[in-house]
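# Fold and geometry: a report
The primary structure of each chain is shown beneath.
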Amino acid sequence: MSALGGPAQTAGFQPPTGMGIAVSIILIIVALALAFFLIQMAGLLALVGIVIGGVLIGFGVHFVPVGGAPAAMGQAPGIATGVAMLAAGAGLAGLFGGAWAAPLGFPLALAGGAIGGGLLMAITCTMVNVIYIFGMGIPSASGKVDKDPITGDTFPEFKSQGTEGHGLPFISWVGGVIGGALGGLGGTLIYLELLEVYQAQVLVSASIAVSLAGVFAIGMFLMNAVLAAYNITGTIEGPHDPKFKRFPRAIIASATASAVAGIFAIALFEVLMVFIESNLMGAL
Amino acid sequence: MEEIVFGIGITALAGALATIAGAAEDTESDIGSQGDPNSQVQLAPQMGYIHRIFNKAIAGEPPAYGLWVALGAGLAWAFMAMQMNPILAIVLGSALAVFVQGVYATTAYLGRTASLAKFEQPVYIDILKSMTTVTMAHAFIAIFATVAMCHLIISALGHPFPLPLLGLVWGIALGAAGSATGNPFYGKERQYQEQKFGAGVPISASGNIVRYAEAGERNSLDNGFFSAKLGGPASGICFGLIVFFELWRTVVFEPLAAGWGAIIIGVIVILIFAVIDRYIEVWARNTFGPYAVPEVPEVPEEASS
């Protein structure tokens, strides 16, 4: 029981509530219906793509090992920064690669986005270990598990006194790369879907379509990353952390938020046209 | 062939600019305590440790740098649209963005420190005067190098994003790389320099940051001097490698296998970094050894000596 009288908070699995699921399903169905009503099948498919992209980002953030302030003092394992911050950095680097490869086709752009995000995380996680080991003389040790699920390394004897562990064990490194790749993939998918919608508009030039799709993709990326960060509450070590089991709730939240934000992005020009027409009517 | 050689040259130049930007970014954020160690700088007066460390952490490094670089890039883009020379436009855009950073740093320091008034932490005006300009100088280098890199990526390599949008993307990535790599070195090695080397800071020592220098009280310029030795350059290498490999795999290998060459090389580079990471992890375990063997009670022996 918390001080505010809410439900007890546990470290591990926290299921979504029935009310939350029901409201989410209603919002998603309304958003899909609106998308179909505005731009028919193309709008519906674009919104489905945006929802999948948002879910991939929300799920991917749970893989990224983030230790926050305790990690900066070598008191807890992970990367010493915020969850949403790091995921955004990786996902946007992926979006950079994906947008660049967009003219080469859908699969190649998606793969480019995933590799871009994964590459940023691979280099960052390696450099984090370089600083811990060569700058501070501290080996990696997880605080949540006694044994690395991939390498089988044991951790309790490598944990310094009075800390929860430190550095980035290999499982966290792998989690970081998977998280970055999923984030880059999701961000690029949102970008490509919106680009297709905007390019179909007669009023829009190619460069404006790219800019708008890019801005909305970045916005939706940050939204989903922050949502997932709220679900994680602070720090997470990666896929082996008990908090990782909370991801179903983030998936539902990300899908709903992406559907609602996505319908605004898709309907942008339809809403704009309504305003222009009403202004013209007023002028006449 | 000529196009690829040109592309490799631009890639190398962009990677070098990114390296400079990463190093300046981390040093700037450490002088301003903007990374995660800011929590300790804020906590110290509450534990009774009054200090002269600058603290401007009211936003994480990635969003702060996203703002400043996007601002510099947006202004440079506007100046270029007015037919201004690109180099001059980037310098002017970055300089104007740095003024925003200066206002941010000033208000952040005053606000954060004034909130500690009940713990008798003074607001030092001399600290404000001397530190703010130094963070602005470092921020200018970071913003200028990143905006110049973005301009190269667009004008020479043909990325479709406009300059302000690319500035936002790489500004956030710069902050993410700099804070991830540089924060532990500033937090553990500098703020807790009195703690034992080769071990994490015990949670019980939180807030007890080092407040005295060789002569007089320590300030954030001393911290910048320390960070510039390893944390800054390591952050620079991190961001430089990210930019270099991202561009290199695309510029050189995209023509291969109908575009899939860039993807394959990307996967290979990730695997190479996995091997490097695993190697140094095992090296550290073997070289440093475990902290305590359960049978040997180390702590009482140390206490008796």
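Residues numbered from 1 in each chain as written. Chains lettered and ligands numbered in written order. Predicted model: local features only at pLDDT ≥ 70, side-chain atom pairs only at ≥ 80, totals over all residues.

### So, the overall build of chain A
Filter applied, for reference: In this description a helix means any DSSP run of H or I spanning at least four residues, a strand means any run of E spanning at least two, and both kinds are numbered starting from the N terminus. Exposed residues have 12 or fewer other C-beta atoms within 10 Å of their own C-beta, buried residues have 20 or more, and partly exposed residues fall in between, where C-beta atoms are placed from the backbone. In this description, a residue-residue contact is defined by the distance between C-beta atoms placed from the backbone, which must lie within 7 Å.
Across its full length, chain A carries 8 helices and 0 strands. Listed N to C, the secondary structure of chain A is α-α-α-α-α-α-α-α in terms of helices and strands. Principal axes of the C-alpha set define a box for chain A whose edges measure 80 × 45 × 30 Å. Considering chain A as a whole, with its 284 residues, one finds that 62% of them fall into the buried category. Within chain A, contacts between residues at least 6 apart in sequence are counted, and of these 73% link residues at least 24 apart.

### A look at the overall build of chain B
Counting its secondary structure elements, chain B contains 10 helices and 0 strands. Moving toward the C terminus, one meets the helices and strands of chain B in the order α-α-α-α-α-α-α-α-α-α. Structurally, chain B occupies a C-alpha span of about 70 × 50 × 25 Å along its principal axes. In chain B, which comprises 305 residues, the proportion classed as buried is 52%.

### Digging into the interface of chain A and chain B
Note the following rule: Basically, the charged four are Asp, Glu, Lys and Arg, the nonpolar ten are Ala, Val, Leu, Ile, Met, Phe, Trp, Tyr, Cys and Pro, and anything else, Gly included, counts as polar.
On the chain B side, the residues contacting the 68 residues of chain A number 67 residues. At the level of secondary structure, the elements contributing two or more residues to the side of chain A that touches chain B comprise α2 (68-72), α3 (83-100), α4 (106-135), α5 (170-199) and α6 (206-232) of chain A. Sorting elements by how many residues they give to the side of chain A that touches chain B places α4(A) first, with 21 residues. Here the residues of the side of chain A that touches chain B are counted per class, giving 41 nonpolar, 24 polar and 3 charged.

### Thoughts on the packing of helix α4 (residues 86-114) of chain B against helix α5 (residues 125-155) of chain B
Defined as follows: Whenever a helix is involved, its axis is fitted only over the stretch in contact; in every case the axis is a line through C-alpha atoms, and angles between N-to-C directions fall within 0 to 180 degrees. It is the rotation of the near helix from the far one that decides the hand of a crossing: anticlockwise by less than a right angle makes it left-handed, clockwise makes it right-handed.
At a minimum axis separation of 8 Å, α4(B) and α5(B) run at an interaxial angle of 145°. Crossing of α4(B) over α5(B) shows right-handed handedness.

### Side note on unusual backbone geometry
A positive phi angle, near 55°, is found at A:Q40, a position not held by glycine. Position of A:Q40 among the secondary structure elements: in helix α1 (residues 18-61). One non-glycine residue, B:A258, lies in the positive phi region at around 50°. Within the secondary structure layout, B:A258 lies in the loop between α8 (231-253) and α9 (260-288). Taking the C-beta count within 10 Å as the criterion, B:A258 has 10 such neighbours and is therefore assigned exposed.

### Looking at the nonpolar core
Note the following rule: We define the nonpolar core as any set of buried residues of the types Ala, Val, Leu, Ile, Met, Phe, Trp, Tyr and Cys, connected via C-beta atoms lying within 7 Å of each other. An automatic or database domain assignment provides the domain bounds reported here.
Core analysis: the biggest nonpolar cluster contains 181 residues, and B:M149, B:A173 and B:I242 have the highest contact counts within it. Tallying contributions element by element places α5(A) first for this core, with 17 residues. The residues that make up this core include at least three from each of domain 1 (2-253) and domain 2 (258-289) of chain B. Residues in contact with B:I242, not counting those within four places in the same chain, are A:A93, A:L119, A:L120, A:I123, B:A173 and B:A177.

### Quick notes on the packing of α3(A) against α5(A)
All names here are of chain A. Put simply, the test is: For classification purposes, angles smaller than 35 degrees are called roughly parallel, those larger than 145 roughly antiparallel, those between 65 and 115 roughly perpendicular, and all remaining angles oblique.
Running from N to C, α3 and α5 point in directions that differ by 50°, and their axes come no closer than 7 Å. In terms of orientation, α3 lies oblique with respect to α5. Like other packed secondary-structure pairs, α3 and α5 cross with a definite hand, here right-handed. Along the contact surface, α3 presents A87, A90, G91, L92, A93, G94, L95, G98 and A99, while α5 presents G179, G180, G183, G184, L185, G187, T188 and Y191. A class-by-class count of the residues in the contact of α3 with α5 yields 8 nonpolar, 9 polar and no charged.

### With respect to the environment of A:G179
Residues and elements named next belong to chain A. Among the structural elements, G179 can be located in helix α5. Placed 11 residues apart in sequence, G179 and I190 show a C-alpha to C-alpha distance of 17 Å. Filtering out sequence-adjacent residues up to four positions away, G179 remains in contact with G60, V61, F63, V64, A87 and M121.

### Here's the deal with the domain arrangement of chain B
Residue and element names in this part refer to chain B. On domain assignment, one finds that chain B holds domain 1 (2-253) and domain 2 (258-289). Distance between the C-alpha centres of domain 1 and domain 2: 27 Å. Counting from both sides, the interface comprises 5 residues of domain 1 and, opposite them, 6 residues of domain 2. Class assignment of the residues belonging to the side of domain 1 that touches domain 2 gives a composition of 2 nonpolar, 2 polar and 1 charged.

### Concerning the confidence of the model for chain A
Close inspection of predicted coordinates is inappropriate in any region flagged by low pLDDT. Note the cut-off: Each residue carries a pLDDT score, the predictor's confidence in it, ranging from 0 to 100.
Here chain A shows a mean pLDDT of 87. Residues at 70 or above account for 95%. For chain A, the element scoring lowest by mean pLDDT is helix α8 (residues 268-283) of chain A, at 76; α4(A) scores highest, at 93.

### Here's the deal with α5(A)
Put simply, the test is: A helix is expected to reach a length of 1.5 Å times the quantity of its residues less one.
With 30 residues, α5(A) extends 43 Å from end C-alpha to end C-alpha; this agrees with the ideal 44 Å at 1.5 Å per step. Most of α5(A) is tucked away, with 28 of its 30 residues classed as buried.

### Comments concerning the environment of B:A12
All names here are of chain B. Here A12 is to be found in helix α1 (residues 2-31). Among the residues examined, A12 registers 13 C-beta atoms within 10 Å and is labelled partly exposed. Sequence-wise, A12 and N85 are 73 residues apart; in three dimensions their C-alpha atoms are separated by 23 Å.

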